[in-house]
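Structural description and commentary
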Amino acid sequence: MSKARTVGASEVCLTERMESLIPQAEVNSNSSGADREPSSRNSVVICQAVRRSIFTSSISSAAERVSLMLKPEEEEEEEGATCPVLFIQLSELFSTPEGLEWRQTARWIKFEEKVEDGGERWSKPHVTTLSLHSLFELRTCIKKGAVLLDLEAHSFKQILEKVIETQIENHALRPELLKQLMYVLLLKPQHHITKSQLKMVAEMSVGSCSDKANRCSDPSGEVSEVPLKEQLKNHFKKKIPAGTEVANILVGEASFLEKPFIAFVRLQESVLLGSLAEVAFPSRFLFILLGPRAKVKAYHEIGRAVATLLTDELFQRVARKARDTEDLIAGIDEFLDELTVLPPGKWDPTTRITPPKCLPSPQKRISLHFREWNPHCHGNVSAIEDRHVHGHQHVSEELKRTGRLFGGLVKDIQRKAPWYCSDFYDALNIQCFSAILYIFLATVTNAITFGGMLGDATENMQGVLESFLGTAFAGAFFCLFSGQPLTILSSTGPVLVFERLLFSFSKDYSLDYLEFRLWIGLWVAFFGLILVATEASYLVQYFTRFTEEGFCALISFIFIYDAVKKMLSLVEHYPVNWNYKISDVTLYSCTCSVPERDNSSLLNKTLFSAFSSFGEQSDLESGNWSLLTKKECVQLGGHLVGSSCNFVPNITFMSFILFLGTFLCSMAMKNFKSSRYFPTALRRLVGDFSIILAILIFCGIDAALGLETPKLIVPSTIKPTNPARGWVVFPFGANPWWICLASSVPAILVIILIFMDQQITAVILNRKEYKLQKGAGFHLDFFCVSLLMIFTSVMGLPWYVSATVISLAHMDSLKKESTTCAPGEQPKFLGIREQRVTGLIVFILTGLSVFLAPILKFIPMPVLYGIFLYMGVAALSSIQLTDRLQLLLMPAKHQPDFIYLRHVPLRQVHLFTFIQILCLAVLWTIKSTAAAIIFPLMLLALVGIRKAMEYIFSLHHLAWLDDIMPEKDRKEEEEKLKRKQDQDESDSDDSERMYQEKGPEINISVN
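All residue numbers here refer to positions counted from 1 along the written sequence of the relevant chain. In view of the model being predicted, local features appear only for residues whose pLDDT reaches at least 70, and side-chain atom pairs are presented and counted only at 80 or more, with totals across whole chains, interfaces and linings using the full set of residues. Each side-chain value is worked out from all heavy atoms of the structure, with water and hydrogens disregarded.

1. Side note on the overall build of the protein
- Assigned secondary structure in the protein consists of 40 helices and 15 strands.
- Relative accessibility thresholds used throughout: buried, under 20% of the residue-type maximum; exposed, over 50%; partly exposed, between the two (1.4 Å probe, protein chains only). The buried share of the protein, reckoned over its 1007 residues, is 50%.
- Carbon and sulfur atoms make up 60% of the accessible area of the protein, which amounts to about 48,100 Å² in all. Labels follow the DSSP assignment, with helices taken as runs of H or I lasting at least four residues and strands as runs of E lasting at least two, numbered in each case from the N terminus. Throughout, the Shrake-Rupley method with a 1.4 Å probe supplies accessible areas, and for residues the shown protein chains are the sole cover considered.

Take a look at the structure:
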């Protein structure tokens, strides 16, 4: 006899069975309800209502059972154990002219897929909708059927023998029906296996019927004990994660049975049951319901109810831990307690509900249940914990103070050292190749752009070549030794503003710019090392979302503004004839005019060299200036004469086409990953290489048209941009001796700027939403930046800090998503591919760009400006401020259902947005005017403004719109501890009323 725990089925009369399979209204139609005893179904409803009544304070016995079952499992989950995914298959018994046969009619992993009536395709995944009646019927089936838990069996036939033996022993089945029942249950099921369109066309061309093509074998055979060829080659298996288990549900009508045959089986060890399931995975659960003719689709609906229960994470855990029937009944009761009822006349039952983009976490559901089941749990505690999840990120390990000099730096090194080797071999993925090309072009463009601006601002004391070499060395050093190697170092807008002011000051007071800058850089490095030693990175806790979004929006607007400004400048370099008329085409000409003093000898020499290869010298007239090109005419001192000399046709418009085309193509290809077209693998590949493909497409278009659009030009020789300077800056000689001391004053402003710029970017990159596994290194990162300040100042190279927009683009290009996901389920964001290789190779290639000039010269600058625009827009669209700005233009009824709109009045949301916009406008104004010297202080002022906002907004509203400041967090923890010690006092505590119960939050991952 099996060791499985069994529950015998009691004798059920035919009248009771029929009463449970037809609507109660029909049973009571001919008699008064007062004269009848309530049926079993009504008893269930009454029982549910009493056990969860508001008039009793005790929790139900079902909740107590489920709580006891799931508590050990919660401890196991804390240790890392998780339940396997469950694939559920519903097979129904059909009567055909050839006889009875089992057909697969539906399947579930998270959502339901039905075989459409034509039998040729699966439906779109959708949320299962059930009738409440079917769940009550299922509850009765579990209560009155055979339940075998932890059954030891190794084949489907062995399972059936033990189930039927149990039913006969309990007098639920007549022995003479054994052979007939075994024959029916062992019939080979017909699976609906999806085939490629080419294969289906090939089968149709040889005369195969489409319905027969979808069947695996002859229906008269028995279930195979080994998986069939079709199961092993089923492409659907790729969508299911490894370690998945199967639940088989068999329902149908059998004319030889007089009453239902019901069995629920849980195997002690999952077993591969041959060809029973569509996919070759081991089975864990089996549910069988066979019976005589009943109401139309009654068995079908009960089968769907079983499948829906097993897709529910909470019930699935109960089914795995249940010890007897009552435990399963308790699980069903808890499921019924969470049901949401739709009124019958207010929706169309045939409508298939589309799966949501994101589902609540099962762990969160279970933790909420434990709070409800725990009679000592106070409601406000859970509300506070919910507020922590949404509004405040707890102090991370990286930001805890040690109280020792350089203690934070030592901790960062100890934390990152075990991951150092994996930082290199984790880059062995094709996605990293795409990221390298994308970020390399972005970095080169950024180096050229900011290098050109620095050259203009400093009279080429720092130019494009210095920008290239500094970017290459600083970036490679940072990627090798920093705590967060995903960060991309670059010259940034705020640093450029300070460089411009510093050069102007040096020029006005006759100071040597590079020497003055060297001492400022040394002081900045010294102050930076002091900040690292005193663990000043702890202060980044005060950089809430308000500060982060303000800074990120500023840098994003700088990228967008610079890209558009560069494109508009092309109108000046390549003017457009806006007054052009097609009828005046004969009037448009441009010729080279003879200068006042004719230079015929030089002209003849030029013409001879230009035309001798074509044999046209004899046809040229001596001194014919009209044959010269524009460049030759200017070189010879001639003048251009004509109505079209000031205009350059096609170049400007073509440049704007390349600019906007690259931007729009990048956006479209990035979103292509989530489109409905083409296979998943192709969509993912196009999404990963979207930026590179956009660049290649529009570089090809530019090359095909052959227009002289402005191209990427990099230095071809390694020498200082300004010949008056060398590669090493000496600290003494050009300036007075007191400059070395006086430079500490501007160094204070620079260190504030560098600290804010570096650490705000670091906080943004290390947010919990990115699911980084290897930890951050705030102290180590700032230590590396401080050391680089010494090197770049001595070499006269630009200063470098973390570039917010390019770093976000780098992380976005390395996002990991689940490769296996259930039908209807969105790919899960798994985190970022954390490694050092992509950044390292990017900066090495940047240094080698001097030697790649012959290749890079074919890339049009408008294409790279389009990538700049894309990075700025992508970074801007990833912050909450953008969503709240859109709310200003939307009527209330059309506003999206953002979670904060449920808890914060709209006027408060708009006020918060207005303050952010005002701060952003002030920062932009200061950056763009002569007051830019105080720009670092204004960045610091954002923290003070955020602190002052606590006097305008309630802490509850700020918890939803922003993060909570650290002092408030500490006070709250003390209050929470006090509430646990004395709950009676906490009922009257005013601080508790700040935090109201909040609805469940659905977190959507970042771009």
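2. Details of the nonpolar core
- In terms of nonpolar packing, the biggest core is built from 143 residues, with Tyr438, Ile520, Phe543, Leu712, Ile832, Met871 and Leu939 touching the most fellow members.
- Among the elements that line this core, the one with the most residues is helix H29 (residues 744-765), at 14 residues.
- Buried residues of nine kinds, namely Ala, Val, Leu, Ile, Met, Phe, Trp, Tyr and Cys, make up a nonpolar core once their side-chain atoms join them within 4.5 Å. Residues Ala62, Val66, Ala298 and Phe315 belong to the second largest nonpolar core, which totals 44 residues.

3. Section: the packing of H29 against helix H31 (residues 804-812)
- Axis definition: a line fitted to C-alpha atoms, over the contacting stretch in the case of helices. Angles run 0 to 180 degrees between N-to-C directions. Direction vectors running N to C along H29 and H31 enclose 20 degrees, while the axes themselves pass 10 Å from each other. As the angle between them shows, H29 and H31 are arranged roughly parallel. The hand of the H29/H31 crossing is right-handed. Mapping the contact onto sequence places Thr761, Ile764 and Leu765 in H29 and Thr804, Ser807, Leu808 and Met811 in H31.
- Side-chain classes are defined by residue name, with Ala, Val, Leu, Ile, Met, Phe, Trp, Tyr, Cys and Pro counting as nonpolar, Asp, Glu, Lys and Arg as charged, and the others, Gly among them, as polar. Split by residue class, the contact of H29 with H31 holds four nonpolar, three polar and no charged. Angles are sorted into four bins: roughly parallel if under 35 degrees, roughly antiparallel if over 145, roughly perpendicular if 65 to 115, and oblique for all others. Note on convention: the crossing is left-handed when the near helix lies turned anticlockwise from the far helix by less than a right angle, right-handed when the turn is clockwise. Whether two residues are in contact is decided by their heavy atoms, any of which lying within 4.5 Å being enough.

4. Quick notes on the environment of Asp348
- Structurally, Asp348 is set in the loop between helix H13 (325-337) and helix H14 (362-373).
- Between N or O atoms, a polar contact is any pair within 3.5 Å; within protein, one atom must be a potential hydrogen donor and the other a potential acceptor, and residues adjacent in sequence are included only when both atoms are from side chains. A distance of 2.8 Å separates polar atoms of two side chains, one belonging to Asp348 and the other to Thr350.

5. Notes on the packing of aromatic side chains
- What counts as a ring pair is set by centres within 6.5 Å for rings of Phe, Tyr and Trp (its six-membered ring), and what kind of pair is set by the plane angle: stacked under 30 degrees, edge-to-face over 60, tilted for all other angles. Evaluated as defined, the whole model comprises 18 aromatic pairs.
- A centroid spacing of 5.4 Å and a plane angle of 65 degrees characterise the contact between Tyr420 and Phe424, whose relative ring orientation is edge-to-face.
- With relative accessibility at 29%, the residue Tyr420 sits in the partly exposed group.
- For Phe424, a relative accessible area of 30% corresponds to the partly exposed category.
- Summarising the aromatic geometry, the rings of Phe477 and Phe481 are spaced 5.1 Å apart at their centres and angled 50 degrees between planes, so their arrangement reads as tilted. With Phe477 and Phe481 both in helix H19 (residues 464-481) and four residues apart, this pair spans about one turn of that helix.
- Here Phe481 falls in the partly exposed class, since its relative accessible area comes to 44%.
- Ring pairing ties together the aromatic residues Phe473, Phe477, Phe481 and Phe791, which thus form one cluster.

6. Describing a nonpolar patch on the surface
- To count toward a patch, a residue needs a relative accessible area above 30% and no salt bridge. Like charges then connect within 9 Å, nonpolar side chains (Val, Leu, Ile, Met, Phe, Trp, Tyr) within 5 Å. Definition used for salt bridges: Asp or Glu carboxyl oxygen within 4 Å of a side-chain nitrogen of Lys or Arg. A contiguous nonpolar patch, built from Ile430, Phe433, Tyr677, Phe678, Leu682 and Leu685 and spanning about 650 Å² of accessible area, is present on the exposed surface.
- Those elements that provide at least two residues to the nonpolar patch are helix H18 (430-458) and helix H26 (680-688).
- Structurally, the position occupied by Phe678 is in the loop between helix H25 (651-671) and H26.

7. A look at the pattern of salt bridges
- As enumerated under the stated definition, the model contains 31 salt bridges in all.
- Of the charged contacts in the structure, one is a salt bridge between Arg107 and Glu113, with a shortest N-O distance of 2.9 Å.
- Residue Arg107 is classed as buried on the basis of its relative accessible area, which comes to 4%.
- Residues Glu950 and Arg946 are paired through a salt bridge, measuring 3.6 Å at the closest nitrogen-oxygen approach.
- Judged by relative accessible area, which is 18%, Glu950 ranks as buried.
- The network of salt bridges with common partners includes Asp423, Asp426, Lys774 and Arg836.

8. Topic: unusual backbone geometry
- Even without being glycine, Asp150 reaches a positive phi, approximately 55 degrees.
- Of note in this structure, Ser510 is not a glycine but carries a positive phi near 55 degrees.

9. Structural notes on the pairing of strand E8 (residues 261-271)
- Of all the 11 residues making up E8, eight are buried; the element is thus mostly covered by neighbouring parts of the structure.
- We treat two strands as partners when DSSP finds at least two bridges between them. Two elements, E8 and strand E9 (residues 283-291), share seven bridges in a ladder whose sense is antiparallel. In the strand pairing of E9, Arg266 is matched with Phe285.

10. Here we look at the side chain of Glu278
- Among the structural elements, Glu278 can be located in the loop between E8 and E9.
- A polar side-chain atom of Glu278 sits 2.7 Å from a polar atom in the side chain of Arg107.
- What Glu278 contacts, discounting residues up to four positions off in sequence, is Phe87, Gln89, Gln104, Arg107, Trp122, His191, His192, Gln231, Asn234 and Phe236.

11. Concerning the pairing of E9
- Along E9, nine of the nine residues are buried, which leaves the element largely enclosed by surrounding structure.
- Of the strand pairs in this sheet, strand E7 (residues 245-253) and E9 are connected by eight bridges, and their pairing is parallel. Across the sheet, the residue bridging to Val251 is Leu289, located in E9.

12. Remarks on the side chain of Gln431
- Mapped onto the secondary structure, Gln431 falls in helix H18.
- The class of Gln431 is buried, set by a relative accessible area of 4%.
- Polar side-chain contacts of Gln431 include one of 3.1 Å to the side chain of Arg833.
- Setting aside residues up to four positions removed in sequence, Gln431 forms contacts with Asp688, Ser813, Leu814, Lys815 and Arg833.

13. Overview of the packing of helix H6 (residues 156-169) against helix H7 (residues 178-185)
- At their nearest, the axes of H6 and H7 sit 11 Å apart, and the two run at 145 degrees to each other. Crossing hand, H6 versus H7: right-handed. Every residue of H7 that contacts H6 at Phe156, Lys157, Leu160, Glu161, Ile164 and Ile168 is listed here: Leu178, Leu181, Met182 and Leu185.
- When the residues that make up the contact of H6 with H7 are grouped by side-chain class, the tally is eight nonpolar, no polar and two charged.

14. Observations regarding the environment of Phe732
- Relative to the assigned elements, Phe732 resides in the loop between helix H27 (690-705) and helix H28 (739-742).
- Each C-alpha atom of the pair Phe732 and Trp519 lies 9.7 Å from the other, and the pair is 213 residues apart in sequence.
- Sequence-distant contacts of Phe732, defined by excluding residues within four places in its chain, comprise Glu515 and Trp519.

15. Observations concerning the confidence of the model for the protein
- Residues of the protein with pLDDT of at least 70 account for 75%, and the chain-wide mean is 76.
- Within a predicted model, pLDDT stands for the predictor's per-residue confidence, ranging from 0 to 100. The model gives residues 377-394 a pLDDT under 50, and that stretch makes 47 contacts with residues more than four places away or in other chains.
- Low pLDDT, under 50, characterises residues 977-1007; the predicted model gives this stretch 49 contacts beyond four residues in sequence or across chains.

16. So, the environment of Thr449
- Relative to the helices and strands, Thr449 is located in helix H18.
- Residues Thr449 and Ser467, 18 residues apart in the sequence, show an inter-C-alpha distance of 9.3 Å.
- With residues near it in sequence (within four places) discarded, Thr449 still touches Lys566, Tyr865 and Phe868.

17. Observations concerning helix H30 (residues 778-795)
- Multiplying 1.5 Å by the helix residue count minus one yields the expected span of that helix. Counted at 1.5 Å a residue, the expected span for H30 with its 18 residues is 26 Å, and the 26 Å between its end C-alpha atoms agrees.
- Residues Phe778, His779, Leu780, Asp781, Phe782, Cys784, Val785, Ser786, Leu788, Met789, Thr792 and Ser793 constitute the buried set of H30.
- Lining the buried residues of H30 we find helix H16 (407-416), H19, strand E10 (489-490), helix H21 (513-533), H29 and strand E13 (801-802).
- One or two positions beyond H30, positive phi appears at Gly796, with a value near 70 degrees.

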